[in-house]
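Close look at the chain arrangement
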Amino acid sequence: MVNSDIVICLFFDFYIAQPAGKFPGRFYSNPTQNIMDQKVNIFDTTLRDGEQVPGCGLNKKEKVIIAKALEKLGVDVIEAGFPISSPGDFESVTAIADSVSDPTVCALSRAVEKDIECAAEALTKAKKPRIHTGLGTSDQHIFTKLRSTREKVLERGVAAVKLAKKYVEDVEFYAEDAGRTDNEYLATIIEAVIAAGATVVNIPDTTGYCLPEEYGQKIKYLVDNVKGIDRVTISTHCHNDLGLATANSIAGVQNGARQIECTINGCGERAGNTSLEEVVMIMRKHRWLPFTTGIQTRQLFPISRLVSETMGMPVQPNKAIVGANAFAHSSGIHQDGVIKNRENYEIIDPHEVGVDESSIVLTARSGRAALNFRIEKLGVEIPDSEKDAVYAKFLELADRIKLVQDDDLKELLQTHLQPSI
Ligand SMILES: [Zn+2]
């Protein structure tokens, strides 16, 4: 079995820059995919990279529940685990392979013979199996982690792909720390693994180091310089150490990538992975981008909460798309605007992502429009002559308790208006 020191995090980098439409659908490994298709495959790695959050490990039963929810969400690929890492992870991959039908089920391995054989065995029951294998390609990883040479790393990568290919048709190669890998060498090794049979090439910004333009240019460099790149799918795999994982992933897609590796809630070790919900909604809301996904967006909020509760990892309240405050308005000016027309301050209809409705939060920053809105929601009518006095009482209360809930408001109204309600 494998030690904790092989917990793997993939690194990529790529980048944006070119207007969408520059690449009229050249980048596919799936021969059934229409050449003009701009579909971006969503590769969810919540159960592999995401689960590496310290203290948030999942058992087999929990992983199967989340895998089924991911299938309902419409992801294209589920990375189910790293089978050689432990007997429990092997069993989880096996159980997931047997539990879902539509998505490809992917298992991670190092470029090591026993890892690849173990991954293949765990995927035996998968209807659409994929082995994900690779190794570090940056000089940092080659010289100080692998203690090897560029030539030997290339040979290992090619050998790993050829071995995986004996077991499954669909083989993804990852160039760990591609974000810090010299582009010329990266192109050389990517061309070699494509010739060896890789169907997907993963360009990880493992350390979350790249700027979006830099990452996009890296993808474009591969598109322009690698023989055979038009026969495979280029994948992004970005980490969020500098808060750029989402931006880098979109930059990669704009420059030719057609798979994004991501996790629910952006979970993952350190600062986490690219957030699935963020990249999906960016491509959905920016209609000028020609990209589509198969994601059922109304499942985004429910699966966010499922993953959060199962992992015991709270979602930060201001998290984009799925945070508790993502559709909550508390300042008086914003509340007045949203009550008049939701689109004054919201670019996403909360129903689109499975949230019931926007919320008007009552604090000392709230105005009369918000207070009256919430009072009406309670089904209470107050005479116009009382409204100033009720508002003044409300501000006193809000200064004292910070957040005024429905029960607080009812008590205030009962006290002030008794016995009229
Ligand atoms: Zn990673």
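Parameters at a glance
Within each chain, residue numbers correspond to sequence positions counted from 1 in written order. Given that this is a predicted model, residues contribute local features only at a pLDDT of at least 70 and side-chain atom pairs are listed and counted only at 80 or more, while totals for whole chains, interfaces and linings are drawn from all residues. Elements are defined by DSSP. Helices are runs of H or I of four residues or more, strands are runs of E of two residues or more, and each kind is numbered from the N terminus. Residues are called buried when their C-beta atom has 20 or more other C-beta atoms within 10 Å, exposed when it has 12 or fewer, and partly exposed otherwise; all C-beta atoms are positioned from the backbone. Placing C-beta atoms from the backbone, we regard two residues as in contact once those atoms come within 7 Å. By the convention used here, strands pair only if DSSP detects at least 2 bridges between them. Structural elements are reduced to axes, namely lines fitted to C-alpha atoms, with helices fitted over the stretch in contact, and the angle between N-to-C directions of any two is expressed from 0 to 180 degrees. Note: domain ranges come from an automatic or database domain assignment. A helix's residues, less one, multiplied by 1.5 Å, set its expected span. Should the near helix be turned anticlockwise from the far one by less than a right angle, the crossing is left-handed, and should it be turned clockwise, the crossing is right-handed. When the strands point away from the viewer and the path from the first strand over the helix to the second turns clockwise, the crossover is right-handed. For classification, angles of less than 35 degrees are called roughly parallel, those exceeding 145 degrees roughly antiparallel, those between 65 and 115 degrees roughly perpendicular, and all remaining angles oblique. Each residue gets one label: Ala, Val, Leu, Ile, Met, Phe, Trp, Tyr, Cys and Pro are nonpolar, Asp, Glu, Lys and Arg are charged, and the others, such as Gly, are polar. Any nonpolar core is a set of buried residues, restricted to Ala, Val, Leu, Ile, Met, Phe, Trp, Tyr and Cys, that join up through C-beta atoms within 7 Å.

Right, let's get into the overall build of the protein chain. A count of helices and strands for the protein chain gives 14 helices and 10 strands. Dimensions of the protein chain, computed from the C-alpha atoms along their principal axes, are close to 85 × 45 × 40 Å. Evaluated residue by residue, the protein chain yields a buried proportion of 48% over its 421 residues. Looking at the protein chain alone, contacts between residues at least 24 apart form 75% of all its contacts between residues at least 6 apart.

The next subject is the environment of Asn372. Its location among the elements puts Asn372 in helix 12 (residues 368-377). Along the primary structure Asn372 and Thr415 are separated by 43 residues, whereas in three dimensions their C-alpha atoms are 17 Å apart.

Spatially, 1-2-3-4-5-6-7-8 is the arrangement adopted by the 8 strands of the closed barrel, whose pairing is parallel. For this sheet, the mean angle separating the axes of adjacent strands, direction not counted, is 25°.

With that out of the way, let us pick up the domain arrangement of the protein chain. On domain assignment, one finds that the protein chain holds domain 1 (4-311) and domain 2 (328-417). On a C-alpha basis, the centres of domain 1 and domain 2 stand 44 Å from each other. The interface is formed by 8 residues belonging to domain 1 together with 6 residues belonging to domain 2. The element contributing the most residues to the side of domain 1 that touches domain 2 is helix 10 (residues 300-311), with 3 residues.

An ideal rise of 1.5 Å per residue puts 20 Å on 14 residues; helix 7 (residues 212-225) measures up with 20 Å between its terminal C-alpha atoms. Among the residues of helix 7, those classed as buried are Pro212, Tyr215, Gly216, Gln217, Lys218, Ile219, Lys220, Leu222 and Val223. At its buried positions, helix 7 is contacted by helix 6 (183-195), strand 6 (200-205), strand 7 (233-238) and helix 8 (245-254).

Attention shifts here to the packing of helix 7 against helix 8. Helix 8 packs onto helix 7 with a crossing angle of 35° between their chain directions and a minimal axis gap of 8 Å. As for how helix 7 packs across helix 8, the hand of that crossing is right-handed. Two secondary-structure elements touch here, helix 7 through Pro212, Glu213, Tyr215, Gly216 and Ile219 and helix 8 through Ala247, Asn248, Ala251, Gly252 and Gln254.

It is a general feature of regular strands that their side chains alternate between the two faces of the sheet. Counting buried residues along strand 2 (residues 77-81), 5 of its 5 residues qualify, which places the element largely inside the surrounding structure. Bridge count for strand 1 (residues 41-44) against strand 2 is 2 bridges, and the pairing is parallel. The residue of strand 2 that forms the bridge with Asp44 is Ile78. Traced from strand 1 through helix 1 (residues 60-73) to strand 2, the parallel crossover comes out right-handed.

This next bit is on the packing of helix 1 against helix 10. It is the contact of helix 1 with helix 10, at a shortest axis distance of 10 Å, that shows an interaxial angle of 165°. As the angle between them shows, helix 1 and helix 10 are arranged roughly antiparallel. For helix 1 against helix 10, the interelement crossing comes out left-handed. Facing Glu62, Ile66, Ala69 and Leu73 of helix 1, the residues of helix 10 in contact are Ile303, Leu306, Val307 and Thr310. Residue composition of the contact of helix 1 with helix 10, by class: 6 nonpolar, 1 polar and 1 charged.

Turning our attention to the pairing of strand 7. Counting buried positions along strand 7 yields 6 of 6 residues, so the element is predominantly enclosed. As paired strands, strand 6 and strand 7 are joined by 6 bridges and run parallel to one another. In the strand pairing of strand 7, Ile203 is matched with Thr236. Between the parallel elements strand 6 and strand 7, the chain passes through helix 7 in a crossover that is right-handed. Pairing analysis gives 3 bridges linking strand 7 to strand 8 (residues 259-262), with the strands arranged parallel.

What follows deals with the nonpolar core. Counting 97 residues, the largest nonpolar core has Ile78, Ala80, Ile190 and Val201 as its most contacted members. Look past the residues within four positions of Ile190 in its chain and what remains in contact with it is Ala175, Val201, Leu222 and Val226. Membership of the second largest hydrophobic core comes to 10 residues, among which are Ile360, Ile375, Val404 and Leu409.

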